[in-house]
Amino acid sequence: MISVPNTSALPLTFLGPEGTFTEAALLQVPGAVDMERIPSTNAASALAKVRKGEAFAAMLPIENSIEGGVPATLDAISNGLELRILHEVVVPVSFVLVAPAGVTLADITAVGTHPHAWAQTRDWFGEHLPNAAHVPANSTAAAAHSLVAGTDAFQAAVCAPLVAEQTGLNILAAAIEDNIGAVTRFILVGQPGTLPEPTGADKTTLAIPLPEDHPGALMAILEQFASRGVNLSRIESRPTGQFLGHYIFSVDVDGHVRDARVADALRGLHRVSPGMRFLGSYPRADRQEPLIRSYNSDAAFGEAADWVDSLL
Ligand SMILES: O=C(O)C(=O)C[C@]1(C(=O)O)C=C[C@@H](O)C=C1
């Protein structure tokens with residue numbers, strides 16, 4: 001079940017329309033099938049529904065194994081009213097090329113799809129349709145739906161196989177992804193309040209502005225993790241938008257804020273970068289437990305705190 005139960009009866013939202021990989025991810029959250037689910041056009045509008053109390057939580061893509069972070073999601077969760085990640089889901093991604101009846105490969109001069117899907121099928125297009133232009137869409141399914149609505153901006157779309165079934169579009173080519181076995185990671189984002197319980201295999205997500213631009217500023221951030229034995233599973237920088245060269249580091253670390261080593265690292269980080277945002281601690285989709293040295297265990301932190309207290 002969702003790591004934090006929805007007692008509000010509010011709907012869930014997702015990057016839509018029907019048939020996106022994001023919807024498939026949401027449907028993997030136990031209990032979500034029985035809840036009302038409303039599509040959103042993009043990450044910002046999905047999170048606006050959560051921030052305004054119109055949705056309990058929003059499912060969004062955050063990271064792909066080939067193309068990396070999803071900037072729209074990273075920016076939308078790092079700015080604006082604070083939010084919390086409650087749950088993560090990892091979904092295998094495989095793409096098909098679809099077109100309305102009568103369209104053949106030879107007719108295609110432009111292809112609509114999400115930029116992440118285009119990036120994951122670049123080699124296939126290089127080989128089969130090297131002159132086709134990419135028309136960016138809000139999602140893979142949105143591109144397919146606009147084909148059905150009769151867009152003249154592109155003749156074909158790259159989307160999930162399910163969308164071909166849902167829309168009745170023809171599949172011109174299947175499994176066109178360049179890397180078999182690619183996966184996308186999705187996050188369910190809700191309001192701050194309840195914190196998922198630690199499971200022993202958790203992840204914590206942070207948005208850390210670089211406090212002052214001086215040599216070693218990033219090192220000062222990273223050493224907070226290193227000295228407490230906290231492993232990073234993702235780190236990337238996103239511009240704050242304030243001025244050139246001003247960045248926020250978006251980071252995932254192994255562990256839960258209720259783990260003493262993670263809490264201690266957060267204390268250190270708050271001193272170094274007081275504008276840091278805690279974006280949640282939630283169970284890892286792969287259930288993999290981190291390797292923790294005995295001197296970084298909860299017991300070792302507790303014993304060390306008691307020892308200092310005994311000196312005072
Ligand atoms: O467009 C979709 O279907 C999505 O769910 C978005 C998204 C992404 O942003 O990465 C999800 C998975 C695929 O990697 C391509 C697109």
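Residues numbered from 1 in each chain as written. Predicted model: local features only at pLDDT ≥ 70, side-chain atom pairs only at ≥ 80, totals over all residues. Heavy atoms only, no water.

Per an unreviewed UniProt entry, the protein chain carries the name Prephenate dehydratase and comes from Arthrobacter psychrolactophilus. Its UniProt record, at the heading Pathway (unreviewed entry), says of the protein chain: "Amino-acid biosynthesis; L-phenylalanine biosynthesis; phenylpyruvate from prephenate: step 1/1." Entered under Catalytic activity (unreviewed entry) in the UniProt record, the comment concerning the protein chain runs "prephenate + H(+) = 3-phenylpyruvate + CO2 + H2O". (UniProt positions renumbered as here; feature names shortened; annotations may be inferred.)

Q: For this particular structure, what's the right way to read the environment of Ala137?
A: Structurally, the position occupied by Ala137 is in the loop between β8 (133-136) and α6 (140-148). Note on Ala137: relative accessible area 17%, which makes it buried. Through-space distance from the C-alpha of Ala137 to that of Pro115 is 7.3 Å; in sequence the pair is 22 residues apart. Once residues lying within four places of it in the same chain are set aside, the contact partners of Ala137 are Thr113, His114, Pro115 and Ala143. (Helix = DSSP H or I, 4+ residues; strand = E, 2+ residues; numbered from the N terminus. Buried < 20%, exposed > 50% of the residue type's maximum accessible area, 1.4 Å probe, protein only. Contact = heavy atoms within 4.5 Å.)

Q: Help me understand helix α2 (residues 43-51) in this model?
A: Residues of α2 that are buried: Ala43, Ala46, Leu47, Lys49 and Val50. Looking straight down α2, one finds that the buried residues subtend no more than 150 degrees of arc, so they occupy a single side. Its buried side turned inward, α2 meets β1 (12-15), β2 (37-40), β3 (57-64), α3 (71-78) and β11 (183-190). With a side-chain oxygen positioned 3.3 Å from the backbone nitrogen of Ala44, the residue opening α2 is Asn42. Gly53 occupies a position one or two residues after α2 and carries a positive phi of about 75 degrees. (Arc of directions from axis to C-beta. Polar contact = N/O pair within 3.5 Å; in protein donor to acceptor, adjacent residues only side chain to side chain.)

Q: Just checking my understanding: could you explain the pattern of salt bridges for this structure?
A: Pairing between side chains of opposite charge can happen when the charged atoms of each approach one another. Counted by the stated rule, this structure contains 14 salt bridges. For Asp264, the salt bridge goes to Arg228, with nearest N and O atoms at 3.0 Å. With Asp264 in helix α9 (residues 260-272) and Arg228 in the loop between α8 (217-226) and β13 (232-239), this pair connects stretches of sequence that are 36 residues apart. What makes Arg228 buried here is its relative accessible area of 11%. Its salt-bridge partner being Arg261, residue Asp259 comes within 3.5 Å of it at the nearest N-O pair. A relative accessible area of 3% means that Arg261 is categorised as buried. Beyond isolated ion pairs, a larger network of salt bridges with shared partners links Glu63, Glu88, Arg185, Lys203, Arg234, Glu236 and Asp252. (Salt bridge = Lys/Arg side-chain N within 4 Å of Asp/Glu carboxyl O.)

Q: What is the right way to read the domain arrangement of the protein chain from this model?
A: The parts lose accessible area when they come together, and the size of an interface is often stated as this lost area. Under the domain assignment used here, the protein chain contains domain 1 (9-92 + 184-193), domain 2 (96-174) and domain 3 (195-312). Placing a centre on the C-alpha atoms of domain 2 and another on those of domain 3 gives a separation of 41 Å. (Domains from an automatic or database assignment.)

Q: I keep staring at the nonpolar core and nothing clicks. Help me out?
A: It is characteristic of soluble globular proteins that their nonpolar side chains tend to be buried jointly. Core analysis: the biggest nonpolar cluster contains 48 residues, and Met59, Leu97, Val98, Val111, Phe125, Val158 and Ile176 have the highest contact counts within it. The two domains that each donate at least three residues to this core are domain 1 (9-92 + 184-193) and domain 2 (96-174). Contact partners of Met59, with chain neighbours within four places excluded, come to Thr13, Phe14, Leu15, Thr22, Ala25, Leu26, Val29, Val89, Phe186, Ile187 and Leu188. (Core = buried A, V, L, I, M, F, W, Y, C linked by side-chain atoms within 4.5 Å.)

Q: Looking at this structure, I do not really get the UniProt feature "site: Essential for prephenate dehydratase activity" (unreviewed entry) in the protein chain. What am I missing?
A: The feature "site: Essential for prephenate dehydratase activity" (unreviewed entry), as annotated in UniProt, sits at Thr184 in this numbering. Following the sequence through the fold, Thr184 ends up in strand β11. Assessed through its relative accessible area of 8%, Thr184 is described here as buried. When sequence neighbours within four positions are dropped, the list of residues in contact with Thr184 reads Pro61, Glu63, Asn64, Val89, Val90, Val91 and Val93.

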